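# Secondary and tertiary structure notes
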Amino acid sequence: MTLAFDGTVVVPAADPDDGERTATALAPYLTPTSSVVLVNVIEKAGGAPDKASVEQREEYAEEIFERTRGPFETTDATVETGVLYGTDVVERIFTEAKDRNADAVVFTAREGNRLAELLTGDVARRMVKEASVPVVALPQTDA
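Residues numbered from 1 in each chain as written. Predicted model: local features only at pLDDT ≥ 70, side-chain atom pairs only at ≥ 80, totals over all residues. Heavy atoms only, no water.

## Some words on the side chain of T68
- With respect to the secondary-structure elements, T68 resides in helix α2 (residues 54–69).
- The buried category is assigned to T68, whose relative accessible area is 0%.
- Only 2.7 Å separates the side chain of T68 from the backbone oxygen of I64, close enough to count as a polar contact.
- Ignoring sequence-local partners within four residues, the contact set of T68 consists of A13, G19, E20, A23 and L38. (Helix = DSSP H or I, 4+ residues; strand = E, 2+ residues; numbered from the N terminus. Buried < 20%, exposed > 50% of the residue type's maximum accessible area, 1.4 Å probe, protein only. Polar contact = N/O pair within 3.5 Å; in protein donor to acceptor, adjacent residues only side chain to side chain. Contact = heavy atoms within 4.5 Å.)

Spelled out as structure tokens, the structure:
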């Protein structure tokens, strides 16, 4: 079986390492008709004070996008970025995917232990369990 993404895919990135890891794993599967939408969700606390200002988080998102674009430079895919805002990261990613008529949400799961998953709510698990569009979890590659 040959895997290729020739439509629109939404690629969530939580940090520069996460984004670069996913981009490296995804790049070999892109075609000239692929459209990649890199997104970072700035999670709003829903009434509680935020740990960092919106401006700081937007700057961090740009840092994420800068590193994540690198692996895509060897492809002919169209790449765009988007900073998203919401109180639920998973819900916001799927809303964006639907709004853009994405064929899939694509990511690589971060390595983590059970305690980290319990404390963070395990976004990767929720993305698979609550999927409203196809979700592809790519294997990690040796970058």
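## Here we look at the sheet that holds strand β4 (residues 104–107)
- In space, the five strands of this open sheet follow the order β3-β2-β1-β4-β5, with parallel pairing throughout. At either end of the open sheet lies a strand with only one pairing partner, and these are β3 (78–86) and β5 (135–137). Each adjacent strand pair in this sheet contributes to an overall mean axis angle of 30 degrees, direction not counted.
- Along the sheet face, helix α1 (residues 16–26) touches β1 (8–12), β2 (35–43) and β4 and points at about 150 degrees away from the line of β1.
- Here helix α3 (residues 89–99) sits on the sheet in contact with β1, β2, β3, β4 and β5, set at roughly 150 degrees to β2. (Pairing = 2+ DSSP bridges. Axes fitted to C-alpha atoms, helices over the stretch in contact; angles between N-to-C directions.)

## What about the environment of D103?
- Assignment of secondary structure puts D103 in the loop between α3 and β4.
- We classify D103 as partly exposed; its relative accessible area is 46%.
- Remark: the alpha-carbon pair of D103 and T8, spanning 95 residues in sequence, is separated by 5.5 Å.
- If we ignore the near neighbours within four places in the chain, the residues touching D103 are G7, T8 and P134.

## Focus on the nonpolar core
- One finds V9, V11, L26, L30, V36, F72 and V106 to be the most contacted residues of the largest nonpolar core, which totals 19 residues.
- At the level of elements, β1, α1, β2, α2 and β4 are the ones that each hand at least two residues to this core.
- The residues touching V11, leaving out its near neighbours within four places in the chain, are T22, L26, V36, V37, L38, V39 and V106.
- Among the nonpolar cores identified, the runner-up in size contains 15 residues, and V41, V89, F94 and A102 belong to it. (Core = buried A, V, L, I, M, F, W, Y, C linked by side-chain atoms within 4.5 Å.)

## A closer look at the pairing of β1
- Across the five residues of β1, five count as buried, placing the element largely inside the fold.
- Here β1 shows no split at all, with T8, V10 and P12 on one side and V9 and V11 on the other all buried.
- In this structure, β1 lies alongside β2, joined through five bridges in parallel fashion. In the sheet register, V11 faces β2, and the bridge partner there is L38.

As far as function goes, none of this settles anything; it's purely spatial.
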